[in-house]
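# Topology and contacts: notes
Now for the letters of each chain:
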Amino acid sequence: MITLGEYIIAQQNEYPKATGELSLLLSSIRLAAKVVNREINTAGLVDIIGVTGLENVQGEVQQKMDLFANNVFKSALEARGEVCGVASEEEEDIIIFDSERSVNSKYVVLMDPLDGSSNIDVNVSIGTIFSVYQRLSPLGEPVVLDDFLQPGIRQVAAGYIIYGSSTMLVYTTGNGVHGFTCDPSLGVFYLSHENIQIPVTGKIYSINEGNYLKFPDGVKKYLKHCQEIEPASNRPYTSRYIGSLVSDFHRNLLKGGIYIYPSTASAPKGKLRLLYECNPMAFLIEQAGGRASDGFNRIMTIEPTELHQRVPFFCGSSEMMDDVEGMMEKYSPQH
Ligand code: AHG
Ligand code: MN
Ligand code: MN
């Protein structure tokens, strides 16, 4: 049984020049994940405990869970001084850590602290997504916005935590994708999925089909393709959509499939955020042998211009990506 902590150290030891800072950063994420996990598991008890007035109820418990998760991850990342700043879905601007240790540290983290938050109240899997870069600005100075506006190909690490039927942490540092499952009685993450590879094709397509009439023609054609009856190519495919990107992504990663959040007539840039939703997932899927694009261009080469920039997102098994991109090119060409 290999724990996440042991695994991180073993990977670090393979790089003689490693300073251990990234390992400490990942440990901070692991700690925050445990705290958020504990809170999520008691979410359904808040009202009950609240009215009985038990003494262990903090004001924090009643905060909206995404703000709670935001605060937990922020404090965990600040505490050890391995990170000089954070950007979060829950914060309009970047957060600059200004302790002496922090300004001398080289990493920035972008995060979606609680992904799929509409699913909290109904006991459906949710997650946290994170993305790590080296800063561009000089050490010793406060971090600046441009340190966060880097294309995804510059990520040094990315991952997610899924708070599901079990809690897992899945991450990459550019050396494969590895998954760890939490033993709730010990609060320890054990290596359960080493070197995850997504099947080259799958049977699952994941999209919010309620928006069908607003989709580009290329996506409409692809959905019809998914629904056609052709046993030789395993069609019709199966439709699965949870509404938490992390959960939809995780299932497709393990089973093979495609996730699409396209542009729509009312949201021409789609819904998902480039920097802390799409780029980390793109890094993971590529490391697992799949692909991610905006329908035309590789997600990780897009030059970001804004912190909360949105982008259409197509991601999954490589052969399914080929099919949908072919149809985008044919029926919804970019120019
Ligand atoms: P968040 O909870 O962080 O705002 O993200 C929700 C996102 C993503 O997780 C999910 O895939 C998507 O929104 C679902 O959107 P629709 O409800 O429009 O399908
Ligand atoms: Mn999200
Ligand atoms: Mn969120």
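Nothing here was measured: the structure is a model prediction, and the numbers come from that model.

### Considering the sheet that holds strand E10 (residues 238–239)
Adjacent strands of a sheet form backbone hydrogen bonds with each other and so pair up, either parallel or antiparallel. Reading across the sheet, the 5 strands line up as E10-E9-E11-E13-E12 and stay open at both edges, with mixed pairing between neighbours. Where the open sheet ends on each side, the last strands, each with one partner, are E10 and strand E12 (291–293). Sitting on the sheet, helix H9 (residues 318–331) is in contact with strand E9 (204–206), strand E11 (257–261), E12 and strand E13 (313–316), with an inclination near 25 degrees to E12.

### Overview of the pairing of E13
Side chains Phe313 and Cys315 project from E13 onto one buried face, and the interleaved Phe314 and Gly316 project onto a second face that is buried too. Of the pairings in the sheet, the one linking E11 to E13 comprises 4 bridges and is antiparallel in character. In the sheet register, Ile260 faces E13, and the bridge partner there is Phe314.

### Considering the coordination of the manganese ion (ligand 2)
Listed as protein donors to the manganese ion (ligand 2) are Asp112 (OD), Asp115 (OD) and Glu277 (OE); their distances from the metal cover 1.9 to 2.2 Å. Along the chain, the residues donating to the manganese ion (ligand 2) fall in the pattern D-x2-D-x161-E. With a relative accessible area of 5%, Asp115 lands in the buried category.

### Considerations on the pattern of salt bridges
Opposite charge on two side chains makes pairing possible when the charged atoms of those side chains draw close. In this structure the tally under the stated criterion is 9 salt bridges. The closest approach of N and O atoms between Arg298 and Glu286, which form a salt bridge, is 2.8 Å. Here Arg298 is found in the loop between E12 and E13, whereas its partner Glu286 is found in helix H8 (residues 274–287), with 12 residues between them in sequence. For Arg298, a relative accessible area of 37% translates into the label partly exposed. Note on Glu286: relative accessible area 24%, which makes it partly exposed. Linked by salt bridges that have partners in common, Glu228, Glu230 and Arg235 make up one network.

### Things to note about the nonpolar core
Tyr160, Met281, Ile299 and Phe313 are the most contacted members of the largest nonpolar core, which has 43 residues in total. For this core, the element with the highest residue contribution is H8, accounting for 9 residues. When residues of this core are sorted by domain, at least three fall in each of domain 1 (4–193) and domain 2 (204–331). Dropping the residues within four chain positions of it, Met281 is found in contact with Ile129, Tyr160, Leu245, Val246, Phe249 and Phe313. With 38 residues, the next largest nonpolar core counts Tyr7, Ile40, Phe68 and Val72 among its residues.

### Regarding the packing of aromatic side chains
In total, this model carries 6 aromatic pairs according to the counting rule given. Ring plane angle 65 degrees and centroid distance 5.4 Å describe the contact between Tyr7 and Phe180, whose orientation is recorded as edge-to-face. Highlighted residues: Tyr7 in helix H1 (residues 4–13) and Phe180 in strand E7 (residues 177–183), separated in sequence by 173 residues. Taken as a pair, Tyr7 and Phe180 share a single burial class, namely buried. Taking the centre distance of 6.3 Å and the plane angle of 55 degrees together, the rings of Tyr259 and Phe313 count as tilted. With Tyr259 in strand E11 and Phe313 in strand E13, the pair connects residues that are 54 residues apart, well separated along the chain. Taken individually, Tyr259 and Phe313 each receive the classification buried, so the pair is uniform in this respect. Through a chain of ring-to-ring contacts, three or more aromatic side chains come together here, namely Tyr7, Tyr171 and Phe180.

Analysis parameters
Residues numbered from 1 in each chain as written. Chains lettered and ligands numbered in written order. Predicted model: local features only at pLDDT ≥ 70, side-chain atom pairs only at ≥ 80, totals over all residues. Heavy atoms only, no water. Pairing = 2+ DSSP bridges. Helix = DSSP H or I, 4+ residues; strand = E, 2+ residues; numbered from the N terminus. Contact = heavy atoms within 4.5 Å. Axes fitted to C-alpha atoms, helices over the stretch in contact; angles between N-to-C directions. Buried < 20%, exposed > 50% of the residue type's maximum accessible area, 1.4 Å probe, protein only. Donors = N, O, S within 2.8 Å, 3.2 Å for Na, K, Ca; no water. Salt bridge = Lys/Arg side-chain N within 4 Å of Asp/Glu carboxyl O. Core = buried A, V, L, I, M, F, W, Y, C linked by side-chain atoms within 4.5 Å. Domains from an automatic or database assignment. Phe/Tyr/Trp six-rings, centres within 6.5 Å; stacked < 30°, edge-to-face > 60°.

Read these as geometric descriptors, not functional statements.
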